[in-house]
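Each chain is listed here by its residues.
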Amino acid sequence: GAGVSQSPRYKVAKRGQDVALRCDPISGHVSLFWYQQALGQGPEFLTYFQNEAQLDKSGLPSDRFFAERPEGSVSTLKIQRTQQEDSAVYLCASSFEGGSSPLHFGNGTRLTVT
Amino acid sequence: LAKTTQPISMDSYEGQEVNITCSHNNIATNDYITWYQQFPSQGPRFIIQGYKTKVTNEVASLFIPADRKSSTLSLPRVSLSDTAVYYCLVGDTYSGAGSYQLTFGKGTKLSVIP
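These numbers come from a predicted model, not from an experiment.

1. A closer look at the pattern of salt bridges
Residue and element names in this part refer to chain A. Here the structure, examined in full by the defined rule, presents three salt bridges over all chains. R64 serves as the salt-bridge partner of D86, at 2.8 Å between the closest nitrogen and oxygen. Taken together, the residues span a long stretch of sequence, with D86 in the loop between β8 (75–79) and β9 (88–95) and R64 in the loop between β6 (53–56) and β7 (65–68) at a distance of 22 residues. This pair shows no difference in class: D86 is buried, exactly as R64 is. The partner of K78 in a salt bridge is E68, and the shortest N-O contact between them spans 3.3 Å. You can see K78 sitting in strand β8 and its partner E68 sitting in strand β7, a full ten residues away along the chain. You can call K78 partly exposed: its relative accessible area is 32%.

2. Comments concerning the state of the cysteines
Counted according to the given criterion, the structure contains two disulfides over all chains. There is a disulfide in this structure between C23(A) and C92(A), and the S-S distance comes to 1.9 Å. Disulfide C23(A)-C92(A): the torsion about the S-S bond is -65°, which places it as left-handed. Highlighted residues: C23(A) in strand β3 (residues 19–24) and C92(A) in strand β9, separated in sequence by 69 residues. Per residue, the accessibility class of C23(A) equals that of C92(A), and both read buried. A disulfide bridge connects C22(B) with C88(B), and the sulfur atoms are separated by 2.2 Å.

Calculation criteria
Residues numbered from 1 in each chain as written. Chains lettered and ligands numbered in written order. Predicted model: local features only at pLDDT ≥ 70, side-chain atom pairs only at ≥ 80, totals over all residues. Heavy atoms only, no water. Salt bridge = Lys/Arg side-chain N within 4 Å of Asp/Glu carboxyl O. Helix = DSSP H or I, 4+ residues; strand = E, 2+ residues; numbered from the N terminus. Buried < 20%, exposed > 50% of the residue type's maximum accessible area, 1.4 Å probe, protein only. Disulfide = S-S within 2.5 Å.

What follows is the structure, given as structure tokens:
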């Protein structure tokens, strides 16, 4: 079966532009996470969904970041008015359930803001 | 949230056994310990998970002492392809504390030398 798919693989945006990053989780996976990974750093938690409910968005760095998962499957991370400090790899992960279920990661979207 | 501490980097020769230790002094009762491997330009990949004592699978072993304040990932007979960053995660999204973060640290960069 397919793993977690993220698109686009690479995105270049000019400062001030809005971007939308897509995540297709593994079918049937209840939990979905977004992480941000800066160069040379570990992934930093952004937000968590259980089905369509966003249960934790404490890691979103500003109100320019918005995530949704309206039907409990595909998720979109939107960044408005991008800034240079938003340049990073954005990783999506899904798991069958929370708690002890391992996370399955996509290969990320590398966002470069110029 | 249980924080983790790992060595920043380790070097090993091919064919040797490598042990990477992670400290997690404030691990909670419901927390699991999970290790991930990350290659450049890829998302992290699940290696092994445990709650207590010892767990072994086809790629690694995980040793957890009785107090669970640390854990050791053991990779038998490493090869060049094991060169990667290894992350220790501690957490449980069913904590009931309102936080669903699964927090990565900075990881351990393992370099396998021919």
